[in-house]
Amino acid sequence: MPPVYRADHTAHIRRRLRSMAVMCLTGAALAGVAAGVLALLGSLSGDRHRGLLRAAWAADIVTFAVALIGLLITFVIYLIYRRRRAELDAAGAEVYGELRARIHHG
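As for the packing of aromatic side chains
Counted according to the given criterion, the structure contains one aromatic pair. Both rings, one in tyrosine 78 and one in tyrosine 81, keep their centres 6.3 Å apart while their planes meet at 40°; by these two values the pair is tilted. Of this pair, tyrosine 78 and tyrosine 81 both sit in helix α2 (residues 50-105), three residues apart, roughly one helical turn. The class for tyrosine 81 is buried, based on a relative accessible area of 5%.

And the structure:
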């Protein structure tokens, strides 16, 4: 009996989505830790270094916003992937079939 090929033609898409989500969650977590550190430094320093702390808070907020936007984009891409998964699997199987045909006939 010949072996049955059970390819997962969209695994690379899921791996990419997972890595995007992990990267964005890591950024959000680091921004949260930085916010805690900045809050602690703000309470310890009082009015000294007010401008530096304000700039650090702005950078932290921007970092957190970028991480959240990245998560939102990842979620939207995931929804698109879920809608088109069958079509992508069929296209991948067709390409694989053509490749196998060329290998065996060439």
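What about unusual backbone geometry?
You will see that histidine 49, though not glycine, has its phi angle at about 60°, which is positive. On the secondary structure map, histidine 49 appears in the loop between α1 (11-45) and α2. Taking relative accessible area as the criterion, histidine 49 reaches 52% and is therefore assigned exposed.

What to know about α1
For the α-helix, the turn length of 3.6 residues means that residues three or four positions removed from each other point alike. When the terminal C-alpha atoms of α1 are compared, their 50 Å separation across 35 residues agrees well with the 51 Å that a helix rising 1.5 Å per residue should span. Residues of α1 that are buried include every one of Ala11, Leu17, Met20, Cys24, Gly27, Ala28, Ala31, Ala35, Leu38 and Ser45, and no others. Phi for glycine 46, located one or two positions after α1, is positive at around 70°.

Quick notes on the side chain of aspartate 60
Mapping aspartate 60 onto the fold places it in helix α2. Buried charge aspartate 60 goes without a salt bridge, the closest partner of opposite sign being arginine 54 at 14 Å. Not counting the four nearest positions on each side in its chain, aspartate 60 is found in contact with Ala31, Ala34, Ala35 and Leu38.

Describing the environment of leucine 17
The residue leucine 17 is located in helix α1 in this model. Ignoring sequence-local partners within four residues, the contact set of leucine 17 consists of Thr74, Ile77, Tyr78 and Tyr81.

Quick look at the pattern of salt bridges
Considering all chains together, one arrives at one salt bridge under this definition. Aspartate 47 is paired through a salt bridge with arginine 50; the nearest N and O atoms lie 2.4 Å apart.

Rules behind the numbers
- Residues numbered from 1 in each chain as written.
- Predicted model: local features only at pLDDT ≥ 70, side-chain atom pairs only at ≥ 80, totals over all residues.
- Heavy atoms only, no water.
- Phe/Tyr/Trp six-rings, centres within 6.5 Å; stacked < 30°, edge-to-face > 60°.
- Helix = DSSP H or I, 4+ residues; strand = E, 2+ residues; numbered from the N terminus.
- Buried < 20%, exposed > 50% of the residue type's maximum accessible area, 1.4 Å probe, protein only.
- Expected span 1.5 Å × (residues − 1).
- Lys, Arg positive; Asp, Glu negative; His and termini not counted.
- Salt bridge = Lys/Arg side-chain N within 4 Å of Asp/Glu carboxyl O.
- Contact = heavy atoms within 4.5 Å.

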